[in-house]
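So you can see what is in the structure, the chains are spelled out below.
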There are 2 protein chains.
Amino acid sequence: MPADESAMGVATDDPVALMNAVIEHVVPAMHQLGIRVVESHGGRAVGVAPMAGNGNHLGTMYAGTLFSLAEMLGGALFLANFDMSLFHVTVKDVQIRYRRPARSDVRAEAMLDTATIEWLRREADACGKADFSLDAVITDADGEVVATTQGTYQLRAGSVT
Amino acid sequence: MPADESAMGVATDDPVALMNAVIEHVVPAMHQLGIRVVESHGGRAVGVAPMAGNGNHLGTMYAGTLFSLAEMLGGALFLANFDMSLFHVTVKDVQIRYRRPARSDVRAEAMLDTATIEWLRREADACGKADFSLDAVITDADGEVVATTQGTYQLRAGSVT
């Protein structure tokens, strides 16, 4: 395959397509939840999850889907900013606060600033690993915040492919 | 239907069958993850999730499945200890710490002591709601701890059925 394509046949310079291919083919449990990336460039990533198929006993969105949507953004930002032939990413901890019930499709957004991205590359190169914090905000179709998360991820030297 | 059966045709005095019926019929996204309750009596609940279908980019168990397994135990303990015709339960926040990779089927366990259960019944009766904390431990097939969670749930007066 061409050097600019991943093993899944997706151009590695398209972070949205690449992350959605990873979700579909590598983490099928996440794909089943309907979680998708819709934006990922530079230090900003946005994902979505549908209300359909994700209801709970209250008729609102299942807590596990909201968590999984936000947690995924660490992976999307990894793929958009780091060379997957040199690094991989893991999650160390996440706290989620459910603010109000979600009764619609939801979107989650998280950002990493440029200075942090540059520091992570240098630190992981030098030390083999580097931690980063990521805050995500999940909003409903009206733009109301339904949940917030704070996660700690670790960038590690070495490819997993 | 008989008074001792839920709307799903499951005996309400069998908390394991009742919770598994809720997972299957009311929260299908959780059911798709393979999450099941295997023990639930008094203040102790145990759930399981399979490695099959829950892999991630590292070949270990997907973070969202581990979270969802632990979070579910609050619901299982609710059904085992509170009258679902009088109360319902919601989750307010959960923190998960991933301790080591899970490479096998996993089990999660959580406990509520009798005094807390009694206090929750009285408080929710008197005030309409009452919060409780729940710690869960997730272990792999070798009994090694792969993740721990701390959650806050709210027992609320009023049925959702």
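Sequence order as written defines residue numbering, which begins from 1 separately in each chain. For this description, chains carry letters from A and ligands carry numbers from 1, given in the order in which they are written. Given that this is a predicted model, residues contribute local features only at a pLDDT of at least 70 and side-chain atom pairs are listed and counted only at 80 or more, while totals for whole chains, interfaces and linings are drawn from all residues.

Colleague: I'm lost on the overall build of chain A in this one. Help?
Modeller: Scanning chain A from terminus to terminus reveals 4 helices and 6 strands. For the purposes of this entry, the term helix denotes a DSSP run of H or I that reaches at least four residues, the term strand denotes a run of E that reaches at least two, and both are numbered from the N terminus. In sequence order, chain A lays out its α and β elements as α-α-β-β-α-β-β-α-β-β. For chain A, whose C-alpha radius of gyration is 16 Å, the value lies close to the compact-globule estimate of 15 Å for 161 residues. Taken along its principal axes, the extent of the C-alpha atoms in chain A is 50 × 30 × 20 Å. Across the 161 residues of chain A, 43% fall into the buried class. By the convention adopted here, residues make contact when the C-beta atoms placed from their backbones lie within 7 Å. Nonlocal contacts in chain A, meaning residues at least 24 apart in sequence, comprise 65% of its contacts between residues at least 6 apart. For the radius of gyration, the atom set is restricted to C-alpha positions; the globular benchmark scales as 2.2 Å times the number of residues to the power 0.38. Between the buried cut of 20 or more and the exposed cut of 12 or fewer other C-beta atoms within 10 Å of a residue's own C-beta lies the partly exposed class, and all C-beta atoms are placed from the backbone.

Colleague: Looking at this model, I keep getting lost on the pairing of strand 1 (residues 36-41) of chain B. Mind explaining?
Modeller: A regular strand carries its side chains on alternate faces of the sheet. Residues and elements named next belong to chain B. Whether two strands pair depends on DSSP finding at least two bridges between them. The sheet contact formed by strand 1 and strand 2 (residues 44-49) spans 5 bridges and is antiparallel. Bridge pairing in strand 2 links histidine 41 to arginine 44. Hairpin connection, strand 1 to strand 2: the antiparallel pair is bridged by 2 residues, and glycine 42 has positive phi, about 55°.

Colleague: What exactly am I supposed to notice about helix 4 (residues 114-127) of chain B here?
Modeller: Residue pairs spaced three or four apart in an α-helix point in one direction, given the helix's 3.6 residues per turn. Under the 1.5 Å per step criterion, the end-to-end length of helix 4 of chain B is 20 Å for 14 residues, consistent within 8% with the ideal 20 Å. Positive backbone phi, approximately 90°, marks glycine 128 of chain B, located one or two places after helix 4 of chain B. Here, expected helix span is obtained from the residue count minus one, scaled by 1.5 Å.

Colleague: In this structure, what is going on with the interface of chain A and chain B? I would like to understand it.
Modeller: By a frequent convention, interface size equals the accessible area lost on bringing the separate parts together. Each side of the interface is counted separately: chain A has 30 residues, and chain B has 30 residues. Within the residue set of the side of chain A that touches chain B, elements represented by two or more residues are helix 1 (15-26), helix 2 (28-32), helix 3 (63-81) and strand 3 (87-98) of chain A. The element that contributes the greatest number of residues to the side of chain A that touches chain B is strand 3 of chain A, accounting for 9 residues.

Colleague: Whenever I open this one, the packing of helix 3 of chain A against helix 3 (residues 63-81) of chain B confuses me. Can you help?
Modeller: Where helix 3 of chain A contacts helix 3 of chain B, the axes come no closer than 9 Å and their chain directions differ by 150°. What the angle tells us is that helix 3 of chain A and helix 3 of chain B run roughly antiparallel. Classified by chirality, the crossing of helix 3 of chain B by helix 3 of chain A is right-handed. For the pair formed by helix 3 of chain A and helix 3 of chain B, the contact residues are Ala63, Gly64, Phe67, Ser68 and Glu71 of chain A on the first element and Ala63, Gly64, Phe67, Ser68 and Glu71 of chain B on the second. Under the grouping applied here, Gly and all other residues not named as nonpolar or charged are polar, the nonpolar ones being Ala, Val, Leu, Ile, Met, Phe, Trp, Tyr, Cys and Pro and the charged ones Asp, Glu, Lys and Arg. Residue composition of the contact of helix 3 of chain A with helix 3 of chain B, grouped by class: 4 nonpolar, 4 polar and 2 charged. Every axis corresponds to a line fitted to the C-alpha atoms, with the helix fit spanning only the stretch in contact, and the corresponding angles, defined between N-to-C directions, vary from 0 to 180 degrees. These descriptions rest on fixed angle ranges, namely under 35 degrees for roughly parallel, over 145 for roughly antiparallel, 65 to 115 for roughly perpendicular, and the rest for oblique. Each crossing is labelled by how the near helix is turned from the far one, with a counterclockwise turn of less than a right angle marking it left-handed and a clockwise turn marking it right-handed.

Colleague: Explanation requested: the pairing of strand 4 (residues 106-111) of chain B in the structure shown.
Modeller: Residue and element names in this part refer to chain B. Because side chains alternate across strand 4, one face comprises the buried residues Val106, Ala108 and Ala110, and the other comprises Arg107, Glu109 and Met111, none of which is buried. Two strands pair when backbone bridges link them, and strand 2 and strand 4 are joined in this way by 6 bridges, in the antiparallel orientation. Counted as the bridge partner of arginine 44 is methionine 111 from strand 4. The pairing of strand 4 with strand 5 (residues 129-139) spans 4 bridges and is antiparallel. Its bridge partner being in strand 5, glutamate 109 is matched across the sheet by valine 137.

Colleague: I would appreciate a short explanation of the nonpolar core in the present structure.
Modeller: Side chains that are nonpolar tend, in soluble globular proteins, to be buried together. The nonpolar core is taken to be a set of buried Ala, Val, Leu, Ile, Met, Phe, Trp, Tyr and Cys residues joined by way of C-beta atoms within 7 Å. Leu66 and Leu73 of chain A together with Leu66 and Leu73 of chain B are the most contacted members of the largest nonpolar core, which has 100 residues in total. Every residue in contact with leucine 73 of chain B, bar those within four places of it in the chain, is listed here: Ala45, Gly47, Ala108, Ala110, Leu134 and Ala136 of chain B.

Colleague: Would you take a moment to explain the relation of the copies chain A and chain B for this structure?
Modeller: Between the two copies of the chain lies a relationship made up of a rotation around an axis and a movement along it. Least-squares fitting of chain A to chain B yields an RMSD of 0.0 Å, with the transformation described by 0.0 Å of translation along the axis and a rotation of 180°. Considering both components of the superposition, the chain copies are consistent with a two-fold axis. If distances are taken from each C-alpha of chain A to the rotation axis, the shortest is found for glutamine 95 of chain A, at 2.0 Å. The residues that chain A uses at the interface reappear at the interface of chain B in 100% of cases, marking a shared surface. C-alpha atoms of residues with pLDDT of at least 70 in both copies form the basis for the least-squares superposition of the copies.

Colleague: Whenever I open this one, the sheet that holds strand 6 (residues 145-157) of chain A confuses me. Can you help?
Modeller: Strand pairing in a sheet relies on backbone hydrogen bonds. The paired strands run either parallel or antiparallel. Taking strand neighbours across the sheet as the criterion, the 12 strands line up as 1(A)-2(A)-4(A)-5(A)-6(A)-3(A)-3(B)-6(B)-5(B)-4(B)-2(B)-1(B) in an open arrangement whose pairing is antiparallel. Across the chains shown, the open sheet's two edge strands, defined by having one partner strand only, are strand 1 (36-41) of chain A together with strand 1 of chain B. Each strand axis lies, on average, 20° off the axis of its neighbour in the sheet, ignoring direction. Of the strands in this sheet, strand 3, strand 5 (129-139) and strand 6 of chain A touch helix 4 (residues 114-127) of chain A, which is tilted by about 145° from strand 5 of chain A.

Colleague: Quick question: what am I supposed to make of the environment of valine 46 of chain A here?
Modeller: Residue and element names in this part refer to chain A. Looking at where valine 46 falls in the secondary structure, it is placed in strand 2 (residues 44-49). Here the alpha-carbon distance between valine 46 and alanine 76, two residues 30 residues apart in the chain, equals 8.6 Å. Setting aside its immediate chain neighbours within four residues, valine 46 contacts Val38, Glu39, Arg107, Ala108 and Glu109.

Colleague: Which parts of the structure should I look at to understand the packing of helix 1 of chain A against helix 3 of chain A?
Modeller: Angle between the axes and distance between the axes are the two parameters that describe a pair of packed helices. Residue and element names in this part refer to chain A. The N-to-C vectors of helix 1 and helix 3 enclose an angle of 130°; their axes lie 9 Å apart at closest approach. Comparing the axis directions of helix 1 and helix 3 gives the class oblique. For the pair helix 1 and helix 3, the sense of crossing is right-handed. Contact residues: helix 1 offers Pro15, Leu18 and Met19, while helix 3 offers Gly75, Ala76, Leu79 and Ala80. Of the residues contributing to the contact of helix 1 with helix 3, the split by class is 6 nonpolar, 1 polar and no charged.

Just geometry here; none of it tells us what the structure is for.
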